[in-house]
Amino acid sequence: MMRTRPLKVALLGCGVVGSEVVRIMTTHADDLAARIGAPVELAGIAVRRPGRVRAGVDPSLVTTDAAGLASRPDIDVVVEVIGGIEPARALITSAFEHGASVVTANKALLAEDGSTLHETAEKHGGDLFFEAAVAAAIPLVRPLRESLAGDKVNRVLGIVNGTTNFILDRMDSSGAGYSEALDEATALGYAEADPTADVEGFDAAAKAAILAGIAFHTRVRLDDVHREGLTDVTAADIASAKRMGCTVKLLAICERAADGRSVTARVHPAMIPLSHPLASVREAYNAVFVESDAAGQLMFYGPGAGGAPTASAVLGDLVAACRNKLNGARGPGESAYAQLPVSPMGEVVTRYHISLDVADKPGVLAQVATIFAEHGVSIDTVRQQGKDGDAWLVVVTHRAPDAALSATVEALRRLDTVRGVASIMRVEGE
Ligand code: HSE
C-alpha cells in the first residue's frame, strides 16, 4: 500500500547532472512513487549561484545554504552532485549524522576517503550509494557489490573515461596526432577546457580505486593506483599497434595476484588485440570487462558520462535508498574484510611492446637480446624494418614483472647502438 507522507530528498548541486535529477524526479514522480511505495518530495536544492539555476527547477526550492539543507532532520536522502573533496565530505558527513542516507556521484571523494564515509554511514544507520561515480549510467557498482557478491572476481579491465577513449579512437581512425585529436574532443564538448583530470588519468584512477575496492573486498585508495595518462601516445604508437593487430586504449586494470595474496590497480595506455571486446568500444563510450571464477567473463557497456546518463544512475540509487528508508532497512555497506595488500606497479606482471631506433650492423640484435636475457625477460617476437644503416627493432616480450621490463628499457637506452627508444607500451587483454 502506498504511504501518503512523502520521503524528503535534498539535492546538493544543480549543474548538468543535478538539473537532470530534478527533471527525472519531476516528470517520473508517479512512477517513482509507485516503485518506492511512497511519494518522493524534493525538499531543497543547494547551489552556489542561484542566478544560474536552469529552466524547470523550482526557484522556491533553491538555497545557498548547503550545510543547513544537508543537516535538516526531516530529510530522508541527500543527493550529492557537487563533486570534489570539500565541502562535499563535510556535507555528506553531516547528512549521515542527521539521519539521512546519501547518494553521491563523487568519485574523487570516494577514492580519497571512501572508508571514512562508509564508517560514518554505518555508525548512523544510513545507506551510502554511488553507482554514478563509476561510468555513469552503466550498472557496475551494484552488480559488483550485489550480483557478484557470491563469486570471486579476479580481474576488472575497463575503459572508464570517455574523453580519452574519444581521443584514442580518433587517433586510431584518422591517424591524427594527440593534440589534433584533443582539439577535436574539445570542439565537440567531450574534453573540458582544462582536460588534465581526464588525459593524465586522474579521473580513471579514482574509478579504478573504487572498482578495485569493491571487487576485491579491500580498501584501495587513489594513492594506491599507478597512473599514466595518454599525453605521450603518438600516431606512431597507434600505427605500431595496428601492425600487431591491436588498438590502443587507456585502461583501468584491477587484478588479483596469481597467488591470491595481493591486488594491484593501475591506469595507463595499453595495446589490446582487436579481438578483445574492449577494442570495439568507440568514441566516448565506456566499458568494463570483469573476469570472475564462476561467472567467467562479463562486459558492461554504455555511456559513461553526461547529465542524463549520470542522473539515471543517481535515480536508481535514490529509489533503492528510499525503499530502504521506508522498510527501516540498510543496503550493503563497505566490504573490506579481505584486507589484501595493494602491490606496487613493479610487481605487476605484464608484457611490453618496445620500438627501438638502432644501428643496422652485425651484432646489434644480439646485444639487444642479451639485455633482455640479463633482466630475465623473455622475448616473444622481434620485427626489424629499415635500410641503409638505420633500422627499427620492434620487440614484444612475454609476461614479466614491470620492474624487470622497465629496467630492461633503461639498460637498452644505455647501449651505444640504440639511438633511441621510440615507444614503450604495455600489451594487455590476451
Ligand atoms: N570526464 C569523464 C569522462 C566523465 O570523460 O569520462 C566523468 O567521470
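Nothing here was measured: the structure is a model prediction, and the numbers come from that model.

1. Comments concerning the packing of aromatic side chains
- For the structure shown, the criterion picks out two aromatic pairs.
- Relative to Tyr301, the ring of Tyr285 lies with its centre 5.3 Å away and its plane at 10°, an arrangement referred to as stacked. Here Tyr301 lies in strand 12 (residues 296-303) and Tyr285 lies in strand 11 (residues 285-292), a separation of 16 residues in the sequence.
- When its relative accessible area of 35% is taken as the criterion, Tyr285 is described as partly exposed.
- On the basis of relative accessible area, Tyr301 is assigned to the partly exposed category, the value being 45%.
- Seen from the ring of Phe129, Arg142 lies directly overhead, with NZ or CZ sitting 5.6 Å from the centre.
- A cation over a ring is seen here: Arg227 above Phe202, with NZ or CZ 3.8 Å from the ring centre.

2. As for the pairing of strand 17 (residues 418-427)
- Pairing of strand 10 (residues 263-273) with strand 17 involves two bridges; the strand directions are parallel. Across the sheet, residue Ala270 finds its bridge partner in strand 17, namely Arg426.
- Relative to strand 17, strand 13 (residues 349-359) runs antiparallel, the two being bridged by eight bridges. Of the residues in strand 17, the one forming a bridge with His353 is Met425.

3. Some thoughts on the site of the ligand
- Around the ligand, the neighbouring residues are Lys107, Asn161, Gly162, Thr163, Asp198, Asp203, Lys207 and Ala305.
- Thr163 has a polar side-chain atom sitting 2.5 Å from an oxygen atom of the ligand.
- Counting only elements with at least two residues in the shell around the ligand, the list comes to helix 7 (162-174) and helix 10 (202-216).
- When its residues are assigned to classes, the shell around the ligand shows one nonpolar, three polar and four charged.

4. Looking at the UniProt feature "binding site: NADP(+)" (unreviewed entry) in the protein chain
- As recorded in UniProt, the sites labelled "binding site: NADP(+)" (unreviewed entry) are Leu12, Gly13, Cys14, Gly15, Val16, Val17, Gly18 and Ser19.
- Residue position: Gly13 is located in the loop between strand 1 (7-12) and helix 1 (16-27).
- The class of Gly13 is buried, set by a relative accessible area of 11%.
- Excluding its chain neighbours within four sequence positions, the residues that come into contact with Gly13 are Gly18, Ala46, Val81 and Ile82.
- As for its position among the elements, Val17 is in helix 1.
- When residues no more than four places from it in sequence are discounted, the contact partners of Val17 are Val81, Gly307, Thr310 and Ala311.

5. Looking at the sheet that holds strand 6 (residues 128-129)
- Strand order in this open sheet of six strands is 3-2-1-4-5-6, and the pairing throughout is parallel. Whereas interior strands pair on both sides, the edge strands pair on one side only; in this sheet they are strand 3 (62-63) and strand 6.
- Bridge count between strand 2 (residues 40-46) and strand 3: two bridges; the pairing is parallel. Bridge pairing links Ile45 to Val62 in strand 3.

Procedures and definitions
Residues numbered from 1 in each chain as written. Predicted model: local features only at pLDDT ≥ 70, side-chain atom pairs only at ≥ 80, totals over all residues. Heavy atoms only, no water. Phe/Tyr/Trp six-rings, centres within 6.5 Å; stacked < 30°, edge-to-face > 60°. Helix = DSSP H or I, 4+ residues; strand = E, 2+ residues; numbered from the N terminus. Buried < 20%, exposed > 50% of the residue type's maximum accessible area, 1.4 Å probe, protein only. Lys NZ or Arg CZ within 6 Å of the ring centre and 35° of its normal. Pairing = 2+ DSSP bridges. Near = heavy atom within 4 Å. Polar contact = N/O pair within 3.5 Å; in protein donor to acceptor, adjacent residues only side chain to side chain. Nonpolar A, V, L, I, M, F, W, Y, C, P; charged D, E, K, R; others polar. UniProt positions renumbered as here; feature names shortened; annotations may be inferred. Contact = heavy atoms within 4.5 Å.

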